[in-house]
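What follows is each chain in one-letter form.
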Amino acid sequence: MSVARSARPAALALALAAALAAGGCGKGKKPSPVGLRLQREDLVLVAHELAQVQRESTLETRATNAAWPLIAHGLAPGRSGIIRPQIAAVIPIAAKLKLPALFHGGRGEALTGPGFSIAGLYRSYAGLASRGWLMIAAAIDEIEHGTPVAARFARENVALYIESVYDAHFSLSQIGKKLLAGYKKLKGEAAFGSSLTQAELDALAQAYSEASDRLYPHVEVKLGS
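For the structure given in this document, a descriptive report is provided here. What you are looking at is a predicted structure, and each value in this text was computed from that prediction instead of being measured. The residue numbering used here restarts from 1 in each chain and proceeds along that chain's sequence as written. For this predicted model, a pLDDT threshold of at least 70 governs which residues receive local features, and a threshold of 80 or more governs which side-chain atom pairs are given and counted, while totals over whole chains, interfaces and linings are taken from all residues. Excluded from the side-chain calculations are hydrogens and water; all other atoms, namely the structure's heavy atoms, are used.

## Details of the pattern of salt bridges
The rule for a salt bridge is simple: a side-chain nitrogen of Lys or Arg has to be within 4 Å of a carboxyl oxygen of Asp or Glu. Scanning all chains against the criterion turns up two salt bridges. Among the ionic pairs, Lys-177 bridges to Glu-210, the shortest N-O distance being 3.0 Å. Pair noted here: Lys-177 is in helix H6 (residues 148–185) and Glu-210 is in helix H9 (residues 210–213), with a separation of 33 residues, a long-range link. Only protein chains enter the accessibility calculation, which uses a 1.4 Å probe; a residue whose area is less than 20% of its type maximum is buried, one above 50% is exposed, and one in between is partly exposed. Judged by its relative accessible area of 24%, Glu-210 falls in the partly exposed class. The partner of Glu-210 in a salt bridge is Arg-214, and the shortest N-O contact between them spans 3.6 Å. Within the structure, one salt-bridge network assembled from shared partners comprises Lys-177, Glu-210 and Arg-214. Starting at the N terminus, helices and strands are each numbered in turn, a helix being any DSSP run of H or I of at least four residues and a strand any DSSP run of E of at least two.

## A few points about the packing of aromatic side chains
Two numbers describe a pair of aromatic rings. These are the distance of the centres and the angle of the planes. Each Phe, Tyr or Trp ring, with Trp reduced to its six-membered ring, pairs with another whose centre is within 6.5 Å; inter-plane angles below 30 degrees give stacked pairs, above 60 give edge-to-face pairs, and intermediate values give tilted ones. By the definition in use, this model includes five aromatic pairs. Each ring, one from Tyr-122 and one from Tyr-125, has its centre 5.4 Å from the other, and the planes form 65°; the classification is edge-to-face. Of this pair, Tyr-122 and Tyr-125 are both found in helix H5 (residues 114–145), three residues apart, which corresponds to roughly one turn of the helix. Tyr-122 sits in the buried class, given a relative accessible area of 0%. Overall, the relative accessible area of 0% leaves Tyr-125 in the buried class. On the basis of an interplanar angle of 25° and a centroid distance of 4.8 Å, the ring pair of Tyr-183 and Phe-192 is categorised as stacked. Grouped by ring-pair contacts, the aromatic residues Phe-103, Tyr-122, Tyr-125 and Tyr-208 constitute a single cluster.

Take a look at the structure:
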């Protein structure tokens, strides 16, 4: 089932040649057997990476859920007492989120099939969550300790960062659906065998689901408020 990553250029070339021989590689064309094998391999790799980072995303989600009610409708009024313990706790946790090397730039772009979009969702989550909380912390610091002009600017723009956190968790919550759909599209356990079992896939889908990761209530703070 596994194909060495070093063999991917040759395999991709074969897949391209097969597609061209069949009349091109336009939208809607069925992937060749080589292409399907690469898609399955990539989904296995992506699933394994998601399992590796599951603990840190779960910790960040738990901390964000505790802090979310304090910011979903905007920051508390006034210029003191805004940085509550729940908010202070989540900021360093979000800052430690790591993007798996497989999901980075060039390597992520080289992924095929469902693995490509799933890696993109996690990349969106990690970037938006870490930067969003960092900017919320900076905005609170300006409101509590900055000049009146800086404090006003920070409060008027903090909605962008709060919404980033919401969007991060929306992306995270969609991964499970994509995993299930991709696994089914690629013929499930009959095709993947022990490299990625249905039980393993189901556990990941539950961990990266709306029930586990989406934030409630919906963000309601408006830019400039």
